[in-house]
Amino acid sequence: MVGEASEAVNAGILAPNQDEVPGRAERPATDLYPPCGMPQPESTAHPIPAMSEALEFEVTLFPNPVLRKVADPITAFDDALKRTVEAMYTRMFESQGVGLAAPQVGLRQRILVVNETGDAKEADQNLTLINPQIVARSGKKVLLEEGCLSFPGIYAEIERLDGCVVEAQDIEGNPIRLELEGFLSRIVQHEFDHLEGILLVDRMSPADKIRNKGELEELKYMYLESKR
Ligand SMILES: [Zn+2]
């Protein structure tokens, strides 16, 4: 399931061909996007609505500071967790993603949902990881293009080791251990980064930061406008 070098990886977005992103070629590549380390005002985490209300999430976009927080462990494997996970899958599939981390819906919680097919009908491929830890990474270094739902329209070639071993809990709190490789391993590594406050922009090459400078500046502008 490892993608071709030209195939965008999704950890967040089912990426169109880079060439189809309008305006990319015309973007001036003048100087580097400032290094990361965004100021971290108060969390904007969504409160969980009462049990009777439908849970619905929007994707939190860069540079919302909640994306920079280290997420907190889950301690209660209750109905609220199940509702959160269910709503995260709904958001992920509707956004054509193959993975989603709780901080991407404004929650500082160590929850990942993954489905490498990106297809809601393939629910047997759903992988829910609560309190995941990547305990080992191995294999060859692979450079592959990634996107992220929190960075719409932005893609970058990211180098990661092909394999990883993940220890986590399932939605009932039972321990699980998975040895992953290829595409699924990459998605989990990307999503795990979100729980540590590490973002696509942190792993981009200087060249990709230059190439995506216009889009990154636009996201920052949109965020500031949304705060007004
Ligand atoms: Zn992401």
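In what follows, the structure referred to is the one given above.
The rules behind these values
Residues numbered from 1 in each chain as written. Predicted model: local features only at pLDDT ≥ 70, side-chain atom pairs only at ≥ 80, totals over all residues. Helix = DSSP H or I, 4+ residues; strand = E, 2+ residues; numbered from the N terminus. Buried ≥ 20, exposed ≤ 12 C-beta atoms within 10 Å, placed from the backbone. Contact = placed C-beta atoms within 7 Å. Pairing = 2+ DSSP bridges. Axes fitted to C-alpha atoms, helices over the stretch in contact; angles between N-to-C directions. Core = buried A, V, L, I, M, F, W, Y, C linked by C-beta atoms within 7 Å.

S.K.: What's the story with the overall build of the chain in this structure? I'm lost.
M.R.: Secondary structure assignment for the chain yields five helices and five strands. Across the 228 residues in the chain, those meeting the buried criterion constitute 36%. Across the chain, every contact between residues at least 6 apart in sequence was considered, and the portion connecting residues at least 24 apart equals 73%.

S.K.: I'm lost on the sheet that holds strand β2 (residues 111-114) in this one. Help?
M.R.: Where strands meet in a sheet, backbone hydrogen bonds hold them as pairs that are either parallel or antiparallel. Here we have five strands laid out as an open sheet, ordered β1-β2-β3-β4-β5, and antiparallel in their pairing. The open sheet terminates on both sides in strands that have one partner only, identified here as β1 (99-101) and β5 (175-180). When strand polarity is set aside, the average angle formed by the axes of neighbouring strands in this sheet is 30°. Pairing between strand β4 (residues 156-169) and β5: six bridges, direction antiparallel.

S.K.: Looking at this structure, how should I read the nonpolar core?
M.R.: The tendency in soluble globular proteins is for nonpolar side chains to be buried side by side. Met88, Ala102, Leu112, Val114, Val188 and Leu200 are the most contacted members of the largest nonpolar core, which totals 45 residues. Contributing elements (two or more residues each) for this core: α1 (79-94), β1, β2, β3 (127-146), β4, α2 (182-195), α3 (200-203) and α5 (213-226). With near-sequence residues (within four places) excluded, Leu200 lies in contact with Glu146, Cys148, Phe151, Ile154 and Ala156.

S.K.: Any chance you could explain the environment of Asp193 here in plain terms?
M.R.: Along the polypeptide, Asp193 turns up in helix α2. Distance from Asp193 to Ile134, taken between C-alpha atoms, is 10.0 Å for residues 59 residues apart in sequence.

S.K.: How should I be thinking about unusual backbone geometry in this particular structure?
M.R.: With the exception of glycine, most residues fall at negative phi, and the peptide bonds are largely trans. Going from Phe62 to Pro63, the amide bond is cis rather than trans, its omega being 5°. Considering the arrangement of structural elements, one finds Pro63 in the segment before α1. Phi is positive for Gln96, which is not a glycine, with a value near 60°. A positive phi angle is found at Asn131, which is not glycine, with a value near 50°. Secondary-structure assignment places Asn131 in strand β3. With 19 C-beta atoms packed within 10 Å, Asn131 lands in the partly exposed category.

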